[in-house]
Amino acid sequence: MEAPRLSISGLCKAYSAPVLEHVNLHIAPGEVHAIVGENGAGKTTLVNTLAGLAPKDAGQFILDNQAYDPSNPRDAFNAGVSCATQELSIIGTLSVGENLALRHLPRKNCVISTRKLEHQARRLLQLVGLDNISPDSPIQSLSLGERQLVELAKALGDDCRLLILDEPTAALASPQANRLHHIIAARVKLGLSVIYISHRLNDVLAVADM
């Protein structure tokens, strides 16, 4: 039997009151695992502990047979765990290409390589169906739905093994949501594991294995 991509055992996290209590979860390579629940159920807290944004109080993460305990988002990125959330992490004063390259700016002799940046950005934009947008475009010139797809492209730009999507279609029109689901399906066939958090049950039923 193939080992899980991610195993969560006994995860606990509390703030003024317990939020996560003894959570156990196993996700296989090439699997889309959906998480649904009302506001306050602890979905975002789960994301934050996996993404290195909040320390867990107890429990264990195992990622591809290795202990995984991120202290910050960079630890998560370096381990192949990437998030695209409803609260966008893009920077409004930068271009589309600069936003896409923020985590790994292409450099040569300590200088940013604009040619590599543009090539990298065009590849990622094409992946999410935004190949009509120039990497030089100001990010603020994009619609909210387009910015959501840029957020997804940025998440997929790393050596991503586990992708966490938190309400990914909240700002998307139906054609864009369908495009997102096709992207997920294609990447899952290549072994990507996905945690898909959504209030849209139709979306969940369309993409999730569990």
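Fair warning: this is a prediction, and the values are worked out from it, not measured in the lab. (Residues numbered from 1 in each chain as written. Predicted model: local features only at pLDDT ≥ 70, side-chain atom pairs only at ≥ 80, totals over all residues. Heavy atoms only, no water.)

(A) Focus on the overall build of the protein chain. When you go through the protein chain residue by residue, the secondary structure sums to seven helices and ten strands. Over its C-alpha trace the protein chain gives a radius of gyration of 17 Å, about what one expects of a compact globule, namely 17 Å for 210 residues. Across its three principal directions, the C-alpha atoms of the protein chain cover 45 × 40 × 40 Å. Burial analysis of the protein chain (210 residues in total) assigns 46% to the buried set. A fraction of 66% describes how many contacts in the protein chain between residues 6 or more apart in sequence connect residues 24 or more apart. (Helix = DSSP H or I, 4+ residues; strand = E, 2+ residues; numbered from the N terminus. Rg over C-alpha atoms; globule rule 2.2 N^0.38 Å. Buried < 20%, exposed > 50% of the residue type's maximum accessible area, 1.4 Å probe, protein only. Contact = heavy atoms within 4.5 Å.)

(B) Inspection of the packing of aromatic side chains at higher detail. Applying the stated criterion to the full structure yields one aromatic pair. The interplanar angle of 35 degrees and the centroid separation of 6.1 Å between the aromatic rings of Phe61 and Tyr68 together place this pair among those described as tilted. Across the pair, exposure class does not vary: Phe61 and Tyr68 are buried alike. The aromatic ring of Phe61 is capped on one face by Lys56, whose charged end is 5.1 Å from the ring centroid. (Phe/Tyr/Trp six-rings, centres within 6.5 Å; stacked < 30°, edge-to-face > 60°. Lys NZ or Arg CZ within 6 Å of the ring centre and 35° of its normal.)

(C) Seen up close, the nonpolar core. Val150, Leu163 and Val194 are the most contacted members of the largest nonpolar core, which has 34 residues in total. Looking at this core, the elements that each hand over two or more residues are strand S3 (32-35), helix H3 (96-100), helix H4 (114-127), helix H5 (144-156), strand S9 (162-166), helix H6 (174-189), strand S10 (193-197) and helix H7 (201-207). When residues no more than four places from it in sequence are discounted, the contact partners of Val150 are Ile90, Val96, Leu100, Leu125, Leu130, Ile139 and Leu142. (Core = buried A, V, L, I, M, F, W, Y, C linked by side-chain atoms within 4.5 Å.)

(D) Representation of the environment of Ile197. Take Ile197: it is sitting in strand S10. A residue is classified by how much of its surface remains accessible, and Ile197, at 0% relative accessible area, is buried. For the pair Ile197 and Ala67, spaced 130 residues apart in sequence, the C-alpha separation works out to 24 Å. Residue contacts for Ile197: discarding those within four places in its chain leaves Ile35, Lys43, Val47, Leu165, Asp166, Glu167 and Pro168.

(E) Region of the structure containing the layout of surface pockets. Its volume calculated, the largest pocket comes out at about 550 Å³. Along the walls of the largest pocket sit 28 residues, with Val47, Asn48, Leu53, Thr85 and Glu87 positioned nearest its centre. Listed by contribution, the elements that provide at least two residues to the lining of the largest pocket are helix H1 (43-50), helix H2 (73-79) and H5. In terms of residues, the lining of the largest pocket owes the most to one element, H1, which gives five residues. Class assignment of the residues belonging to the lining of the largest pocket gives a composition of ten nonpolar, ten polar and eight charged. (1 Å grid on protein atoms, 1.4 Å probe; cavity = no way out; pocket = protein on both sides within 12 Å on 5 of 7 lines; lining within 4 Å. Points joined across faces, edges and corners; volume = space filled by probe spheres on them. Nonpolar A, V, L, I, M, F, W, Y, C, P; charged D, E, K, R; others polar.)

(F) Highlighting the pattern of salt bridges. Following the criterion strictly, the structure yields five salt bridges and no others. Between Asp64 and Arg5 there is a salt bridge whose closest N-O contact spans 2.7 Å. Here Arg5 lies in the segment before strand S1 (6-14) and Asp64 lies in the loop between strand S4 (58-63) and strand S5 (66-67), a separation of 59 residues in the sequence. A salt bridge links Asp57 to Lys13; the shortest N-O distance between them is 3.8 Å. Taken as a pair, Asp57 in the loop between H1 and S4 and Lys13 in strand S1 lie far apart in primary sequence, 44 residues in all. Among the charged side chains, a salt-bridge network with shared partners connects Arg5, Asp64 and Arg161. (Salt bridge = Lys/Arg side-chain N within 4 Å of Asp/Glu carboxyl O.)

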